[in-house]
Amino acid sequence: ISNSEGDLLFLLDSSGSVSYYEFSRVKEFMWDLVQPFTFGPKDVQTSIIHISTMPTMEFPFDRYLSSGTLQQAIRDTRQLMGDTNTGKALSYAKEKFFSNEAGARPDVPKVLVWVTDGFSTDDISEPMQLLKDMGVTVFIVSTGRGNYLELSAAASQPPEKHLHFVDVDDLPIITKELRDAILDVIQANRLHAVDITSSSFRLMWPKLLSQETGYYTLEYAPIDDLARKRTKQVSGAHTSLMLSNLAPETTYEVALIPESNVHYFPPQTTRVTTLAEEISPAQVLISESGPHSFHVSWAPTLDSVTGYQILYGPLPGNSAKLLEVDGKHNSTVVENLAPNTTYLVTVTAIYRSGKEKSLSAKACTQE
């Protein structure tokens, strides 16, 4: 997961109320959660603060900027024991979230993930509210029997998206859901791609302009052939655009330039890699069978497919006929068939690249 810029802080319950086993399971969960991210000064940076008698920073945001070094740092994290002074740790987190000394960056999304067994010996409501007032998004994972009302008030709203109650052995169940929610926060304020296929993706960006205040210029090109740059202009009312007719397994450099007549907005850039060509057709369906015909349909249709060939013949037998269908269609009717006969139907997708992929199905005509 790249092109996702944000400071992610773990507030880790390191007090004596947590067993050694629970602490080790939480460390595994933290690593699983962040493992797919790209780390660096233009990507995700992460830090850990221990909840104990006195709060302690395990490492600053800008120390570990590769997966390998961060994984080892999380493994090497040792439990401090002591009291569960979460309020103190939250006040300390507020300082570090916005300090250069801790490697935090101005103007990037801030996310706090607090993993707790549900207990705190001091007040959390005021320091947590200060953090949220400063724009920090708060996720809470409770592995104990914490007070639901207190924790749901502490988490960002709505609590059903930001608060999880889960047994420590079941933490993997929530990993993907929590990671996706963190990603939504990090990417909400910048250009990013969704719905990526082998030949298309949808670009999304925050609402910066309106119909009246300007328009967007969008530039995109394969990174290994920037001379093939294409440009589109999009109304200021839009916050997304689908790009299609792209090459499979290709990384594109994309720039969004807001052209405003009111404010200056810096360009936003991202890189998006299209998927490998899908195996198409992924499915062949036979329907509307009669004595002399049946309907053949397949899925999906793709921009990277120029056409389909439908080969059909009776079983057993070695005679076959061929139908050719335009790549924009995903069905056809096969006619002039013999009644009460089993046919083998093979649908072949012909790609622009010259590759071919086939899938077969059996079909019976009626008596």
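Since the model is a prediction, treat every value here as computed from it, not as a measurement.

This part takes up the overall build of the protein. Scanning the protein for helices and strands turns up seven helices and 20 strands. A compact globule built from 367 residues should have a C-alpha radius of gyration of about 21 Å, whereas the protein, at 28 Å, is more than 25% larger. Its C-alpha atoms give the protein principal-axis dimensions of about 85 × 55 × 35 Å. When the 367 residues of the protein are sorted by exposure, 49% land in the buried category. In the form shown here, the protein has an accessible surface area of approximately 17,900 Å², with 50% of it arising from carbon and sulfur atoms. Of the side chains in the protein, 30 bear a positive and 44 a negative charge, and the two mean positions are spaced by 5 Å.

Here we take up a nonpolar patch on the surface. Where nonpolar side chains cluster on the molecular surface, the patch consists of Tyr-148, Leu-149 and Phe-165 and spans about 340 Å² of accessible area. With respect to the helices and strands, Phe-165 occurs in strand 6 (residues 163-165).

Summed over all chains, the structure comprises eleven salt bridges. Linking Glu-101 and Lys-96 is a salt bridge whose minimum nitrogen-to-oxygen distance equals 3.3 Å. Residue Glu-101 is classed as exposed on the basis of its relative accessible area of 65%. Ionic pairing is found between Lys-229 and Glu-219, a salt bridge with its closest N-O pair at 3.7 Å. Placement of Lys-229 in the loop between strand 9 (214-222) and strand 10 (230-235) and of Glu-219 in strand 9 is noted, with a sequence separation of ten residues between them. By relative accessible area, Lys-229 is classed as partly exposed at 47%. Classification of Glu-219 by relative accessible area gives partly exposed; the value is 22%. Several salt bridges share partner residues, and in doing so they unite Glu-5, Asp-7, Arg-105 and Lys-110 into one network.

Glancing now at the confidence of the model for the protein. Per-chain confidence: the protein averages 89 in pLDDT, with 98% of residues scoring 70 or above. Averaged over each element, pLDDT in the protein is lowest for strand 14 (residues 283-287) (83) and highest for strand 3 (residues 56-59) (96).

This part covers the nonpolar core. Counting residues in each nonpolar core, the largest one holds 34 residues, and the members touching the most others are Val-113 and Ile-182. The contact partners of Ile-182, leaving out residues within four places of it in the chain, are Leu-8, Leu-33, Phe-37, Val-111, Val-113 and Phe-139. In terms of nonpolar packing, the next biggest core, distinct from the first, is built from 25 residues, Ala-89, Tyr-92, Val-136 and Ala-154 among them.

If you walk across this open sheet you meet the four strands as 17-16-19-20, and the pairing is antiparallel. In this open sheet, the two edge strands, each paired with only one partner strand, are strand 17 (321-326) and strand 20 (356-364). In this sheet, adjacent strand axes meet at a mean angle of 20 degrees when their direction is disregarded.

Between the first and last C-alpha of helix 3 (residues 86-97) there are 16 Å, a value that for twelve residues agrees with the 16 Å anticipated at 1.5 Å per step. Residues of helix 3 that are buried sit in contact with strand 1 (6-13), strand 2 (44-51), strand 3, strand 4 (110-116), helix 4 (125-133) and strand 5 (136-142).

The next subject is the packing of aromatic side chains. Taken as a whole and assessed by the stated rule, the structure comprises eight aromatic pairs. Measuring from ring centre to ring centre gives 5.8 Å for Phe-61 and Phe-97, while their planes differ by 20 degrees; the resulting arrangement is stacked. Taken together, the residues Phe-61 in the loop between strand 3 and helix 2 (67-75) and Phe-97 in helix 3 connect sequence positions 36 residues apart. By relative accessible area, Phe-97 is classed as buried at 0%. By way of ring pairs, the aromatic residues Phe-61, Phe-97 and Phe-98 are connected into one cluster.

Thresholds applied
- Residues numbered from 1 in each chain as written.
- Predicted model: local features only at pLDDT ≥ 70, side-chain atom pairs only at ≥ 80, totals over all residues.
- Heavy atoms only, no water.
- Helix = DSSP H or I, 4+ residues; strand = E, 2+ residues; numbered from the N terminus.
- Rg over C-alpha atoms; globule rule 2.2 N^0.38 Å.
- Buried < 20%, exposed > 50% of the residue type's maximum accessible area, 1.4 Å probe, protein only.
- Areas by Shrake-Rupley, 256 points an atom, 1.4 Å probe, with all protein chains shown as cover.
- Lys, Arg positive; Asp, Glu negative; His and termini not counted.
- Charge placed at Lys NZ, Arg CZ, Asp CG, Glu CD.
- Patch = residues over 30% accessible without salt bridge, like charges linked within 9 Å, V, L, I, M, F, W, Y side chains within 5 Å.
- Salt bridge = Lys/Arg side-chain N within 4 Å of Asp/Glu carboxyl O.
- pLDDT = per-residue confidence, 0-100.
- Core = buried A, V, L, I, M, F, W, Y, C linked by side-chain atoms within 4.5 Å.
- Contact = heavy atoms within 4.5 Å.
- Pairing = 2+ DSSP bridges.
- Axes fitted to C-alpha atoms, helices over the stretch in contact; angles between N-to-C directions.
- Expected span 1.5 Å × (residues − 1).
- Phe/Tyr/Trp six-rings, centres within 6.5 Å; stacked < 30°, edge-to-face > 60°.

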